[in-house]
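What the coordinates show
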Amino acid sequence: MAVREAAAGPRGPGRDEETALLYERAHSRHDPCWLLPVPPRLCLACVLELLPEPCVSLVRKKHVLSCFRDALLRHASLVMQLVAQDQRVCIHFISMLFGLLCNVEDGSVIDLCIEVLIQLTTQLKLEQTVHCLLDECHKELCNMPSMRGSLATLTLLGKLVDAIPPLADKLVMEHSNLMEHLLRGLVYPNEGVRASVCYLYGKLYSSPVAAEMLSGHFREKLCPLFLSTLDGAQTKELQINCLGWLRQLLKYDLFVSVIMNESSLAESTEGVEGPPGKTSLPLVLKKLLLSRDETLQVASAHCITAVLVHSPAKHAPAFIHADIPEFLFEHLSSSSEVLVWFSYNCLILLAEEPLFFSKCHTVYGIESVVRSLQGSLRMNNTELHKEGLLLFAEILTRQPEEIKLFTSSTMCRDAGRALQEAVNSPVLEVAAEAVKAISAFLRKDHQSALPVQYRELRALLEAMLNRCADFSQTPLNRRPLVSTLLAMEFQSEPSAHENPFTAPGAEKEDTLEAFSEFLLSACDSLCIPMVMRHSEQATQPNLMEVFLSILHSLFVIVPHMKEKFSKKLASSSFIRLTLELKARFCSSLSHSDLNQVCSSFLYDMSLNLLSAPEKTEPPSQEELSAVSAFLQHGLPEIRSRSPESLAFLSDRQYVEGIARQRQYCILLLFYLAYIHEDRFVSEAELFVAVQSFLLSLQDQDERPPLTVIRASIYLLAICQDKDDALDEAVVSAIRKFLEGIPDLHLVYIHHPLLLRFFLLYPELMSRFGHRVLELWFSWEESSYEELDDVSSAGQSPLPASLAALFYMLRSSPSILLILLDLIYSSPVDTARKVLIVLRTFLRRNEDVQVGGLIRGHFLLILQHLLVEHGASPSGDSGNLPLLLSLLSLVQLKNKSEQELDSMAMKLLHQVSKLCGKCSPADVDILQPSFNFLYWSLHQTTPSSQKRAAAVLLSSTALIELLEKTLALTWTEVDSPRTALLCSAWLLAASFSAQQHAGSLQVHQTLSVELDQVLKVLSFPKKKAALLSAAILCFLRTALQQSFSSALVALVPSRAQPPPAPEDTALAPLGTSQVLSLVIGLQNLLVQKDPLLSYACVACLEALLDYLHARSPDIAFHVVSQPWNRFLLFTLLDAGESSFLRPEILRLMTLFVRFQSSSVLSREEVGHVLQGAALADLSTLSNTTLQALRGFFLQVQSMGLLADESTAQTLHVSLEGLSPSTSSAEPPLDMLCLGGVAVSLSHIRD
């Protein structure tokens, strides 16, 4: 009872199931050791007795087998322990199961038997059990009269070989006669049997040893039978097993050849009458491709691939002739990634055969490829992406040029966008494949569909180049080259230059020119840095060859940018890089292609650089032709490193023509490199080498090309150290070469060191200094106007070029004479620059005394001018105004109170003579001339002033000119001649004062309309403060002389009525004129212009003195006007210490003097004194101190001191009013205001 309970099955506690699992009739006799200790609690002995029992139903047997299988799966080790207890039991169990397999017809029971047998065999791992099972199978097949009942046995054999692969070899070797039975099964009409045979064959041929042993069997008997079976298979099981067998066969080249030869025989007899039986594998696979079963389609594509991998060239034509590519292209639209992948694979192999393209399969399928690629990129299958891109790249690369692949620009655009999406993939392997495909896509014949999509191409290239930067080890050699080649090919294609269908006003982005410019920009910003980084790790000659080819091609595709691009390359050390490549890889005549590419690159870059120089004249066509000739011959011969090249350049032995051309090339390359700041050779060594080179030319009496002369001089100037000097022989050779050219501008280069070079050697400066300086200033881009600002000239830093020139001027002042000649003889723009430079130099170098040198040379120029142009020098004045302006500046630099020497007197005479020959319209000449005359009068000692005035007064023409100029005041107050009018009035005042003081002889009187003078001052114009001050200065002088000057004749502008009796004493003034003048002076004072205020107060002082001497009542009336008080307080309202301004102090002194208490009361005078006592007098200027002293003395003399404390305060103040107490810097007396020479002391005093 206990045994029965233990045998109860796990699926239920019921009695029925327990009975089903155990064979009750015999179970009680069984030893418990055969009982499985875990559910399902099977008894192995019961199983052995129950299964062969004929009286047990098949259903129960199936159930027991099923439970045993489950136990075997769940508890394999326990079951194996039971089964392996006795080997005889084990063999009996297998034999009993095999017998059951052969005797039942129920398919499910057969499957269970096969499954249990396989599991037992594989788990036991006993060779004897395997031999037993094989023997049973062999015996069964041999004893079977027909193949009708062989299905189970064949199926078991197939699965057994599948489970234990080594059995394939054993089966073929030990049971070889089984092959004949299998052959019979293959022709048996039951497809199930044939499927089992094909399955077994597939497992047998999966073993290389068995396959080799069966090769003859297949070749002689099996091949046609197999092909016909595959062709005629109707059930999917047979189709799948046949294809599985085929896949195993296609692993071996022998079977592929046999099958394809058989297929070719079938194709050759396809149209010939005869017995059927020959089958073509391509046609069979094509039929499977056409099926609607995805599994068969995938298997078919897999088999095609398996055939083609052996030899695409040998086997691809058969599949192409079968039109298989057409259907593979169709399958690219499938939603199955596996099918698409195998289709890609097949097409890639087929693309190796030219017939694939000549039959236009690619034209038919390219749209499918593009669409499939677009769809696959949306998936996450990286392998699919790579395979699709590989196919696309193969088609694009191998497509013949004569067969147009893209029939419309839309299709081409879609392809480009798909590639752009692929190259942006985050997976580097996918992006790398996309880069290869893009390279193939950028072919002229692929982009020939109009309109060319340049904008799309640009976006595609941009994406590709950006991703190339992510590939650290990816080969870079030909990726961007295809794009430049594409642009080069389109250069000769008229239809590609301008796309049709473009709106007239649309931006021309889709043009070849814009695309070419983009290529240049992309190469500059992406390709060059990428390749340079790559070459820093390892320089590859093949890579550099292609790289330089790209750069060279850019000169062609973007011709309008080639000069600019060449300059950037040169400044980025590409001359050095190219020469190093030639020296490293081409020295031993190896890498001839690289040498040619390097030479061509240097040739074009050199000509580009020479054709668009920045600091020299562009060469003539003749000069370029000469350079082109020696570059073509010399560049390929340069393969040495820099030291060897320098040594070759220094060779002074006789140099023949070819070697000389090589020397020219070396020198020119060094020159171009140095021009663009790439100094890769030692300056000292190059300096010596160039000298030797020039001496060699001189020794052989050769005349080098202009470019060589220019390069030699430039390199000598740049490389010359401060302490090194050229030998006299070299200087002489340079001079000889330069004298042999028409003009120096042909070899001139604008550089400070070149200017220093020419001015350093007297032999060169004497011969070429004038022309070099002229060229220097004509090439200077800056006008230097900012340096002419006196207020900032001493503070702003000098440009480097000017600093170098100033250094040479200080070391050799004689250069100033050349500059002076340039001011006179050069074009106006150049002369203006020279003038500003000289002005700046004189201002910033006060210690350099060159005034005598300049004045002497200017005297010669002026004498020459007056002799040459006679009576009208103004007609051909040229740059004379600029010279006169410089002369004025030199005069301004002179120290005050300096005697005028004979040269100065001669200059005064010549300048006055020059002025006499001019008209008032010659403002450019007269203005600097008047300034010079004015400063000469006021910047010397009194005795020299008298002599100078005598010289000037002797020039009647000058006085007549002055009179005409003064007369223009009444009509041209706001005209451009205002500055000249100011100078004329100041000169007239100065002449009158000097003549009156020295009683000098008058040769010509100066007539002035007094009423016009008074009218101008009574009704002053705005923005004419300086002119008003100058006229006031003249009127003050006339008032001080009581209108009795021998020089100045004050005449009425029209007939005047007889003066009133009260005006007789004031003649030539009238009372109304005096009052109008006073009001005018008050209005001018209110403007608070310092210089004008000085002149107004001084004129008011002179006017009151004049009035007081003739009519004291009128003088007191004028002073006591209420408006004076308003005027005074308006002036004092300017600030807290405004009463300490000298003009206000002098005005208050005037009011105190004339006892005008209504204007300034005693109390207010006391407040002024107290304020002055509290002020820091040491900070006041001498002019202010002098005015303050005058005020105090006037107050004291008038007895306006209110009390003793005020007197004491005044006394203390007077004690501290010594000029030595002032710490303020003395103001400049001589100024140039608005281009007018002004002496402050003349205006003020």
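- With an unreviewed UniProt entry as reference, the chain is termed Meiosis inhibitor protein 1, source organism Puma concolor.

1. Notes on the overall build of the chain
- The helix and strand inventory of the chain stands at 65 helices and four strands.
- Taking as baseline every contact in the chain between residues at least 6 positions apart, the subset at least 24 positions apart corresponds to 75%.
- In the form shown here, the chain has an accessible surface area of approximately 53400 Å², with 52% of it arising from carbon and sulfur atoms.

2. Examining helix H36 (residues 621-634)
- Its 14 residues place the ends of H36 20 Å apart at the C-alpha level, agreeing with the 20 Å of an ideal helix rising 1.5 Å per residue.
- Among the residues making up H36, those that are buried are Glu 623, Leu 624, Val 627, Ser 628, Phe 630, Leu 631 and Gly 634.
- In this fold, the buried residues of H36 make contact with helix H35 (592-611), helix H38 (657-675) and helix H40 (706-719).

3. Some remarks on the packing of aromatic side chains
- Enumeration according to the criterion identifies 32 aromatic pairs in this entry.
- Ring centres 6.1 Å apart and planes at 35° place the aromatic pair Tyr 205 and Trp 245 in the tilted group. Remark: Trp 245 occurs in helix H16 (residues 236-249) and Tyr 205 occurs in the loop between helix H13 (191-204) and helix H14 (208-213); sequence separation between them is 40 residues. Comparing Tyr 205 with Trp 245 shows no difference in burial state: the two are buried.
- On the basis of an interplanar angle of 55° and a centroid distance of 6.4 Å, the ring pair of Phe 218 and Phe 226 is categorised as tilted.
- You can call Phe 226 buried: its relative accessible area is 0%.

4. Focus on a nonpolar patch on the surface
- On the surface, a nonpolar cluster with roughly 280 Å² of combined accessible area is contributed by Met 173, Val 209 and Met 213.
- Checked against the element boundaries, Met 173 lands in helix H11 (residues 167-174).

5. Remarks on helix H58 (residues 1090-1110)
- For H58, built from 21 residues, the straight-helix expectation of 30 Å at 1.5 Å per residue is met to within 8% by its first-to-last C-alpha distance of 30 Å.
- Burial analysis of H58 places 16 of its 21 residues in the buried class, the great majority of the element.
- At the N-terminal boundary of H58, the capping side chain belongs to Asp 1089, with an oxygen 3.3 Å from the backbone nitrogen of Leu 1091.

6. Comments concerning the packing of helix H57 (residues 1071-1086) against helix H59 (residues 1112-1119)
- In contact at an axis separation of 11 Å, H57 and H59 are set at 30° when each is read in the N-to-C sense. Taken as axis vectors, H57 and H59 run roughly parallel relative to one another. The chirality of how H57 crosses H59 is right-handed. Contacts from Thr 1071, Val 1074, Leu 1075 and Val 1078 in H57 reach Ile 1114, His 1117 and Val 1118 in H59.
- Of the residues assigned to the contact of H57 with H59, the class counts are five nonpolar, two polar and no charged.

7. Notes on unusual backbone geometry
- Residue Pro 1068 follows Ala 1067 across a cis peptide bond; omega there is 10°.
- In this fold, Pro 1068 is placed in the loop between strand S2 (1048-1051) and H57.
- Although it is not a glycine, Cys 360 adopts a positive phi angle of roughly 65°.
- For Cys 360, the location among the structural elements is in the loop between helix H23 (354-358) and helix H24 (361-376).
- Among the residues examined, Cys 360 registers a relative accessible area of 35% and is labelled partly exposed.
- The backbone of Phe 1043 shows a phi angle near 60°, a positive value even though the residue is not glycine.
- For Phe 1043, the position within the fold is in the loop between helix H56 (1025-1040) and S2.

8. Topic: the nonpolar core
- Counting 432 residues, the largest nonpolar core has Phe 218 and Leu 551 as the members making the most contacts within it.
- The element best represented in this core is H58, accounting for 13 residues.
- Leave out the neighbours within four places in its chain, and Leu 551 touches Cys 523, Ile 528, Phe 565, Leu 569, Phe 574 and Phe 601.

9. Some remarks on the state of the cysteines
- Counting across every chain of the model gives zero disulfides.
- Here Cys 527 is not disulfide-linked; the sulfur of Cys 523 is the nearest cysteine sulfur, at 4.6 Å.
- Judged by its relative accessible area of 5%, Cys 527 falls in the buried class.

10. Digging into the pairing of strand S3 (residues 1230-1233)
- Relative to strand S4 (residues 1236-1239), S3 runs antiparallel, the two sharing four bridges. Considered in S4, the bridge of Cys 1232 is made with Ala 1237.
- Counting the residues that bridge the hairpin from S3 to S4 gives two residues, and of these Gly 1234 lies at a positive phi of roughly 60°.

Cut-off values and rules
Residues numbered from 1 in each chain as written. Predicted model: local features only at pLDDT ≥ 70, side-chain atom pairs only at ≥ 80, totals over all residues. Heavy atoms only, no water. Helix = DSSP H or I, 4+ residues; strand = E, 2+ residues; numbered from the N terminus. Contact = heavy atoms within 4.5 Å. Areas by Shrake-Rupley, 256 points an atom, 1.4 Å probe, with all protein chains shown as cover. Expected span 1.5 Å × (residues − 1). Buried < 20%, exposed > 50% of the residue type's maximum accessible area, 1.4 Å probe, protein only. Phe/Tyr/Trp six-rings, centres within 6.5 Å; stacked < 30°, edge-to-face > 60°. Patch = residues over 30% accessible without salt bridge, like charges linked within 9 Å, V, L, I, M, F, W, Y side chains within 5 Å. Salt bridge = Lys/Arg side-chain N within 4 Å of Asp/Glu carboxyl O. Polar contact = N/O pair within 3.5 Å; in protein donor to acceptor, adjacent residues only side chain to side chain. Axes fitted to C-alpha atoms, helices over the stretch in contact; angles between N-to-C directions. Parallel < 35°, antiparallel > 145°, perpendicular 65-115°, else oblique. Left-handed = near helix turned anticlockwise from the far one by under 90°. Nonpolar A, V, L, I, M, F, W, Y, C, P; charged D, E, K, R; others polar. Core = buried A, V, L, I, M, F, W, Y, C linked by side-chain atoms within 4.5 Å. Disulfide = S-S within 2.5 Å. Pairing = 2+ DSSP bridges.

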